[in-house]
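Survey of secondary and tertiary structure
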Amino acid sequence: MTDPDGPAHAAGVLARLDALRAHDLPTHGGRTLAYVYDSGLADADEVGRAALAMFGSSNGLDPTAFPSLLRMENELVGFTCNLLDAPETAVGTVTSGGTESILLAVQAARDARPEVAEPTMVLPSTAHAAFLKAAHYFRVQPVVVPVSDDFRADAAAMAEAIDGRCVLVVVSAPSYAHGVVDPVTEVAAAAAARGVRCHVDACIGGWVLPYAARLGREVPPWTFDVDGVTSVSVDLHKYAYTPKGASVLLHRTPELRRPQFFARADWPGYTMLNSTTQSTRSGGPLAAAWAVVQHIGDRGYLRLTEQVLDGTDRLLAGLVELPELRVVAAPDSTLVALATDGSCDVFTIADEMLEAGWYVQPQLTHAGRPPTLHLTLSAATAVHVEEFLAALRVAVTRAVAAGPVRVDPGVADFVRSLDPDALSDEDFDGLLAAAGLIGGNAGGGVAAEPGAGAAALVLPRRMAEVNALLDLASPALREALLVAFLDRLARPVR
Ligand SMILES: Cc1ncc(COP(=O)(O)O)c(C=O)c1O
């Protein structure tokens, strides 16, 4: 903080906030193809911001104290039920995001089966990492089933993996990494046959696919229309284009939802009664989501979906002209994964794109499959697809001229030989410094916190070398290195 001795002038504080975000990725404009979702509708953004501010101090802890929040939650859940073919019995909860919806789906599934001493959860290898986080938090053993060659869940192998300890089976509609919808019908039927819950993770596609179907597109079945689907998660802060902090978790019946609720009366304060992992929670994100959904409305979402799907089509058509890149799987919605032909690497392309003002997200080698570039298209990106393709053409040309990043074979062997469990804090300091992630100045870097002092971390602007090194590392080593990195990033500024 700059001035611990006295109140700072409001305008000065806001100016400092503006300065702080100078190095952030742009949230609007359609040039950031991960993390953010932009409708391109200034009015909808304005309505969302106003609602966020209006309800920022209200508390979702007690629906009787703030009935407005309960009403908004029930209306949002109702809208979502209509979208996802939910039966009359369906109920739902607004949570803070996809991860919280997933945590609650796993926790409810586990707690519905208290007789299972060592519960398991069957999931495809492409399921979002939030399920592994839930498995870790709630001590549910993940049984990860490799996907088929088309990156969709292998329904037969998943059915095989369901045993008497299994409390939940998971599918995605679509998966984040490759943008394809799993065979929900087959997997849900196998789960139902064993009396096991089946959760559909539609966090990223749940607001697009129903409109895509209404627009006449081919959409594989995935909603509550599919027998055996017991719960679905859908994020509002993705393709409903609402401010961050809003997702919906639907259950087919109130009985399925009940274990998600937590009540504690056995203490001297108020009886705690929660539907989510949070207790006190701001009404801001809920009100903002309600306001944006009201404002854009069903017909607005239909138009936005048409716009973003048309943009995705034009992107795919344009990519045919770039022989160095290949679309890894024909996307079922608006997410595209690209791999190279080996003449260049995705990491250099990502750096070149960033230089040109576009953020695309590298995805590292996994299960023997090469690294890819992930593109999440927003409605606001759709109007810039031709510009995006032109920038990509230049980025690929430059990346081919530079050639793939070559990691010194000695360094590569060293990285492969590292055992993350045997590394000390000093080892991590050395490794992170060698990668240019901490200490000294990695040329052209960006101070993580402008003005944070001599110890400020410097994030390299070009990440290709770092990504190429990480790409050689095992997932366990990547995790250990990045946790050590985060530990050094997250330090108090006094
Ligand atoms: C399919 C899927 N599930 C879950 C999540 C996690 O959502 P959040 O980042 O809102 O926690 C994401 C995020 O991209 C996702 O794409």
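Remember, it's a predicted structure, so these values are computed and weren't measured experimentally.

1. Section: the overall build of the chain
- Summing up its helical and strand segments, the chain has 17 helices and 15 strands in all.
- For the chain, the C-alpha radius of gyration of 23 Å lies close to 23 Å, the compact-globule estimate for 494 residues.
- The C-alpha extent of the chain, read off along each of the three principal axes, is 65 × 60 × 50 Å.
- Relative to its 494 residues, the chain shows a buried fraction of 49%.
- Sequence separation of 24 or more characterises 73% of the internal contacts of the chain that already satisfy a separation of 6 or more.
- Accessible surface, the chain as shown: approximately 23,000 Å² in total, 56% of it carbon and sulfur.
- Treating the 37 positive side-chain charges of the chain as one cloud and the 58 negative ones as another, the clouds have centres 3 Å apart.

2. Quick notes on empty space enclosed by the protein
- A full pass over the atoms with the stated rule returns one cavity of 30 Å³ or more.
- In terms of lining residues, the largest cavity is bounded by Pro26, Thr27, His28, Gly29, Gly30, Arg31, Thr32, Val36, Asp38 and Ser378.
- Tallied by class, the residues present in the lining of the largest cavity amount to two nonpolar, six polar and two charged.

3. With respect to the sheet that holds strand β3 (residues 141–145)
- An order of β1-β7-β6-β5-β4-β2-β3 is seen for the seven strands of this open sheet, with the pairing classed as mixed. Only two strands of the sheet have a single partner each, and these edge strands are β1 (91–95) and β3. Each adjacent strand pair in this sheet contributes to an overall mean axis angle of 20°, direction not counted.
- The pairing of strand β6 (residues 231–235) with strand β7 (residues 247–251) spans five bridges and is antiparallel. The partner of Val232 across the bridge, within β7, is Leu250.
- Against the sheet, helix α4 (residues 98–111) touches β1, β2 (120–124), β4 (166–172), β5 (197–201), β6 and β7, its axis set at about 25° to β7.

4. Notes on the pairing of β1
- Of all five residues in β1, five are buried; the element is thus mostly enclosed.
- On β1, burial covers both faces: Val91, Thr93 and Thr95 on one face and Gly92 and Val94 on the other are all buried.
- Note: β1 against β7, five bridges, orientation antiparallel. Among the inter-strand pairings, Thr95 is bridged to a residue of β7, identified as Ser247.

5. Observations regarding the side chain of Asp471
- As for its placement among the helices and strands, Asp471 is situated in helix α16 (residues 464–472).
- One buried charged residue, Asp471, forms no salt bridge at all, with the nearest opposite charge on Arg478 at 4.1 Å.
- Those residues in contact with Asp471 that lie beyond four places of it in its chain are Phe347, Leu364, Thr365, Pro371 and Arg478.

6. Description of the sheet that holds strand β12 (residues 361–363)
- Pairing is antiparallel across the open sheet formed by four strands, whose spatial order is β10-β11-β13-β12. In the strand order of this sheet, the two ends are held by β10 (325–327) and β12, each with one partner. Each adjacent strand pair in this sheet contributes to an overall mean axis angle of 35°, direction not counted.
- Note: β12 against strand β13 (residues 372–376), three bridges, orientation antiparallel. Bridge assignment links Gln361 to a residue of β13, and that residue is His374.

7. A word on the layout of surface pockets
- Each pocket or cavity is described by its volume, and for the second largest pocket that value is around 500 Å³.
- Looking at the second largest pocket, it is lined by 27 residues, and the ones nearest its centre are Gly60, Glu73, Thr93, Ser275 and Arg281.
- Residue assignment for the lining of the second largest pocket shows that the elements contributing at least two residues are α3 (67–83), β1, β9 (272–274) and α10 (284–319).
- When grouped by side-chain class, the residues that make up the lining of the second largest pocket number 10 nonpolar, 14 polar and three charged.

8. Looking at the pattern of salt bridges
- Under the counting rule described, the total for this entry stands at 22 salt bridges.
- In this structure, Arg21 and Asp18 form a salt bridge, with 3.1 Å as the shortest nitrogen-oxygen distance.
- Owing to a relative accessible area of 46%, Asp18 belongs among the partly exposed residues under this scheme.
- The network of salt bridges with common partners includes Asp425, Asp429, Asp487, Arg488 and Arg491.

9. Regarding the site of the ligand
- What surrounds the ligand is a group of 13 residues, the closest being Gly98, Thr99, Asp201, His237 and Lys238.
- In this structure, Gly98 approaches the ligand through a main-chain N or O atom, which is 3.0 Å from an oxygen atom.
- The side chain of Lys238 places a nitrogen or oxygen atom 2.9 Å from an oxygen atom of the ligand.
- The fraction of the free accessible surface of the ligand (400 Å²) that becomes covered by protein chains is 84%.
- With three residues, the top contributor of residues to the shell around the ligand is α4.
- Looking at the shell around the ligand, its residues break down into five nonpolar, five polar and three charged.

The rules behind the values
- Residues numbered from 1 in each chain as written.
- Predicted model: local features only at pLDDT ≥ 70, side-chain atom pairs only at ≥ 80, totals over all residues.
- Heavy atoms only, no water.
- Helix = DSSP H or I, 4+ residues; strand = E, 2+ residues; numbered from the N terminus.
- Rg over C-alpha atoms; globule rule 2.2 N^0.38 Å.
- Buried < 20%, exposed > 50% of the residue type's maximum accessible area, 1.4 Å probe, protein only.
- Contact = heavy atoms within 4.5 Å.
- Areas by Shrake-Rupley, 256 points an atom, 1.4 Å probe, with all protein chains shown as cover.
- Lys, Arg positive; Asp, Glu negative; His and termini not counted.
- Charge placed at Lys NZ, Arg CZ, Asp CG, Glu CD.
- 1 Å grid on protein atoms, 1.4 Å probe; cavity = no way out; pocket = protein on both sides within 12 Å on 5 of 7 lines; lining within 4 Å.
- Points joined across faces, edges and corners; volume = space filled by probe spheres on them.
- Nonpolar A, V, L, I, M, F, W, Y, C, P; charged D, E, K, R; others polar.
- Pairing = 2+ DSSP bridges.
- Axes fitted to C-alpha atoms, helices over the stretch in contact; angles between N-to-C directions.
- Salt bridge = Lys/Arg side-chain N within 4 Å of Asp/Glu carboxyl O.
- Near = heavy atom within 4 Å.
- Polar contact = N/O pair within 3.5 Å; in protein donor to acceptor, adjacent residues only side chain to side chain.

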